[in-house]
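# Structural description and commentary
Residue strings, one per chain:
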Amino acid sequence: MKNLFTQYLPHALMTMVIIFIICFIARSLSYSSTYMDPFTQALNNFNMTDTYFQIMNNNSDEMMDYNPDVVMYDISNCYSRAEIAHGIQRLNDLGAKVIALDVIFGPNSRDSVANDSLLHVVKRCKNVIAATRMVPNYDSFVKEESYFVKESGCVEGCVNVDNQTVRTFSRDLTFGDTTLNTYVYEVMKMAYPEACEMWRHRTQESELINFKQTAFDMIHIYDDITREDVEGRIFLVGDFQDLRDFHDIPVVINGSRRICGTTIHGYSISTLTMKDRMIDDMSEISALILGIIVTLGFCTIFCFLNEVYNDYSGFLSTSLQIILMLSLVFVAGYLFIEKHYNVRLLYALLGTGLAAYAAEIFYFIWLKWKKWRGEKAPDEFDPNIYKS
């Protein structure tokens with residue numbers, strides 16, 4: 001083993017350098033050429049967690065979780081602010097722990113009586129959280145908020161989510177010079193202050209949403225409700241038929257990869273509050289170190305096979321490459337599903353995948369260099385040539 005690393009490690013290191021150069025060139029081209037957009041998007045969207053969550057949901061009918069603490073409160077087809085105000089007041093009177101509005105009420109309603117009714121209800125109920133959203137406007141952002149926020153003094157939470165596939169949530173979001181607490185953070189702060197404090201001390205800037213399929217109670221604003229239905233529960237208020245608030249998610253839930261933003265917030269809250277839902281995410285630095293170690297090890301073995309078993313090197317190295325990549329995925333999947341730890345494999349799989357091509361470039365350059373210096377370059381590799 002010692003001879004393996006001392007004899008072939010220099011060649012493996014040179015192969016690693018070529019891999020870095022290939023990645024650098026591809027990344028540079030992706031910034032300067034639209035032709036490389038697919039490459040950039042593939043790297044940015046590469047996430048094995050999508051596969052792991054889908055595996056967890058394959059038997060979702062038998063293993064579906066249920067979160068009794070979070071209720072989806074649907075105000076679809078209700079266009080009266082007076083009726084919405086009455087619904088919020090009733091939830092408050094029946095003992096709702098939190099009433100989080102995932103709806104922004106603009107100032108343009110012509111019914112001033114209904115406007116005042118909603119304003120006074122929100123002002124009276126101290127458990128209401130209002131939604132706010134940051135909207136791009138040329139080279140800056142404009143804050144959208146409900147008309148009653150300033151006068152009522154209610155808590156606000158930012159409801160912005162990823163414009164592409166939604167995979168994560170965080171405590172706060174920054175838009176230029178403005179940083180806002182998220183909707184999920186404000187709900188957690190009001191409903192679960194201790195759990196929120198633990199979340200605040202986690203070092204991860206963002207958390208993976210655990211998309212293991214979960215059932216939530218759904219109540220419509222026109223449904224009859226009792227204190228049993230409401231007391232001590234979190235109510236996420238949204239329009240579940242408004243397609244403008246539907247977003248892409250990485251797995252299929254209830255037959256679709258697009259679900260309502262309010263439901264996504266419910267999954268985020270469940271990630272923090274339900275047992276064994278939090279996922280520890282490998283840091284970018286750790287992922288890079290893992291990638292370098294795995295790639296260097298594979299390159300060393302590849303060079304050994306290429307130089308000692310030249311006749312069979314293609315078959316052996318390809319077989320080893322496939323076995324190594326499948327083993328990495330299997331181990332990472334086990335750690336994710338059973339230990340709730342997300343191993344980032346992008347760099348390890350990318351380096352392993354490029355190793356053979358980079359090694360061919362290295363050997364081509366190396367043999368040309370030997371010939372240019374007048375040294376004898378063997379047509380086929382012989383292990384005895386490299387022994388001192």
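Scroll up to find the structure.
Computed from a predicted model, the values in this text were never measured in an experiment.

## Side note on the packing of helix α12 (residues 284–308) against helix α14 (residues 346–372)
- Running from N to C, α12 and α14 point in directions that differ by 35 degrees, and their axes come no closer than 8 Å. In terms of crossing hand, the pair formed by α12 and α14 is right-handed. Note on element contacts: α14 touches α12 through Tyr347, Ala348, Gly351, Thr352, Ala355, Ala356, Ala359 and Tyr363, opposite Glu284, Ala287, Leu288, Gly291, Val294, Thr295, Phe298, Cys299, Phe302, Cys303, Asn306 and Glu307.
- Residue classes in the contact of α12 with α14 are distributed as 13 nonpolar, 5 polar and 2 charged.

## Things to note about the pairing of strand β1 (residues 65–74)
- Relative to strand β10 (residues 214–220), β1 is paired through 6 bridges, and the arrangement is parallel. Residue Tyr73 lies in a different strand from β10, and its bridge partner there is Ile219.
- Here 5 bridges tie β1 to strand β11 (residues 234–238), and the two strands are oriented parallel to one another. Opposite Val71, over in β11, you have Phe235 as the bridge partner.

## A look at the packing of aromatic side chains
- For the structure on display, the rule yields 16 aromatic pairs.
- With centroids separated by 6.3 Å and ring planes inclined at 90 degrees, the aromatic side chains of Phe53 and Phe211 adopt a geometry described as edge-to-face. Taken together, the residues Phe53 in helix α3 (residues 49–57) and Phe211 in the loop between β9 (206–208) and β10 connect sequence positions 158 residues apart. Note on accessibility: Phe53 and Phe211 belong to one class, buried.
- Ring geometry for Phe298 against Phe302: centres 6.2 Å apart, planes inclined by 45 degrees, an arrangement best described as tilted. Here Phe298 pairs with Phe302, and both are found in helix α12, just 4 residues apart, close to one helical turn. Neither residue differs from the other here; Phe298 and Phe302 are each classed as buried.
- Against the face of Tyr192 rests Lys97, its NZ or CZ located 4.9 Å from the ring centre.

## Describing the pattern of salt bridges
- Considering all chains together, one arrives at 15 salt bridges under this definition.
- Asp65 is the partner of Arg277 in a salt bridge, and the nearest nitrogen-oxygen pair spans 3.0 Å. Placement of Arg277 in the loop between α11 (261–273) and β14 (280–281) and of Asp65 in strand β1 is noted, with a sequence separation of 212 residues between them.
- Since its relative accessible area comes to 2%, Arg277 is described here as buried.
- Given a relative accessible area of 21%, Asp65 falls into the partly exposed group.
- Among the salt bridges present, the one from Glu231 reaches Arg227, with a minimum N-O distance of 3.8 Å.
- The exposure class assigned to Arg227 is partly exposed, which follows from its relative accessible area of 41%.
- Put simply, Lys143, Glu145, Lys150 and Glu156 are held in one network by salt bridges that share partners.

## A short note on the packing of α12 against helix α13 (residues 313–339)
- One way to put it is that α12 packs onto α13 with a least axis distance of 9 Å and a crossing angle of 160 degrees. In terms of orientation, α12 lies roughly antiparallel with respect to α13. Pair α12 / α13 crosses with right-handed handedness. Between α12, through Val294, Phe298, Ile301, Phe302, Leu305 and Asn306, and α13, the contact on the second element is made entirely by Ser313, Leu316, Ser317, Leu320, Gln321, Leu324 and Leu328.
- Looking at side-chain class alone, the contact of α12 with α13 contains 9 nonpolar, 4 polar and no charged residues.

## Focus: the nonpolar core
- In terms of nonpolar packing, the biggest core is built from 49 residues, with Met188, Phe211, Leu236 and Leu345 touching the most fellow members.
- Residue contributions to this core peak at 6 residues, all from helix α8 (residues 183–191).
- When residues no more than four places from it in sequence are discounted, the contact partners of Met188 are Pro193, Ala195, Cys196, Trp199, Ile269, Leu272 and Thr273.
- Formed by 30 residues, the second largest nonpolar core is a distinct cluster that contains Val71, Leu94, Leu101 and Val122.

## With respect to α11
- Between its first and last C-alpha atoms α11 spans 19 Å; for 13 residues at 1.5 Å apiece the expected length is 18 Å, and the two agree.
- The set of residues buried in α11 consists of Gly261, Thr262, Thr263, Ile264, His265, Gly266, Tyr267, Ser268, Ile269, Ser270, Thr271 and Leu272.

## Brief notes about the side chain of Ser317
- Mapped onto the elements of the fold, Ser317 is located in helix α13.
- For Ser317, the contacting residues outside a window of four places in its chain are Phe298, Phe302 and Leu305.

Reading guide: rules and limits
- Residues numbered from 1 in each chain as written.
- Predicted model: local features only at pLDDT ≥ 70, side-chain atom pairs only at ≥ 80, totals over all residues.
- Heavy atoms only, no water.
- Axes fitted to C-alpha atoms, helices over the stretch in contact; angles between N-to-C directions.
- Helix = DSSP H or I, 4+ residues; strand = E, 2+ residues; numbered from the N terminus.
- Left-handed = near helix turned anticlockwise from the far one by under 90°.
- Contact = heavy atoms within 4.5 Å.
- Nonpolar A, V, L, I, M, F, W, Y, C, P; charged D, E, K, R; others polar.
- Pairing = 2+ DSSP bridges.
- Phe/Tyr/Trp six-rings, centres within 6.5 Å; stacked < 30°, edge-to-face > 60°.
- Buried < 20%, exposed > 50% of the residue type's maximum accessible area, 1.4 Å probe, protein only.
- Lys NZ or Arg CZ within 6 Å of the ring centre and 35° of its normal.
- Salt bridge = Lys/Arg side-chain N within 4 Å of Asp/Glu carboxyl O.
- Parallel < 35°, antiparallel > 145°, perpendicular 65-115°, else oblique.
- Core = buried A, V, L, I, M, F, W, Y, C linked by side-chain atoms within 4.5 Å.
- Expected span 1.5 Å × (residues − 1).

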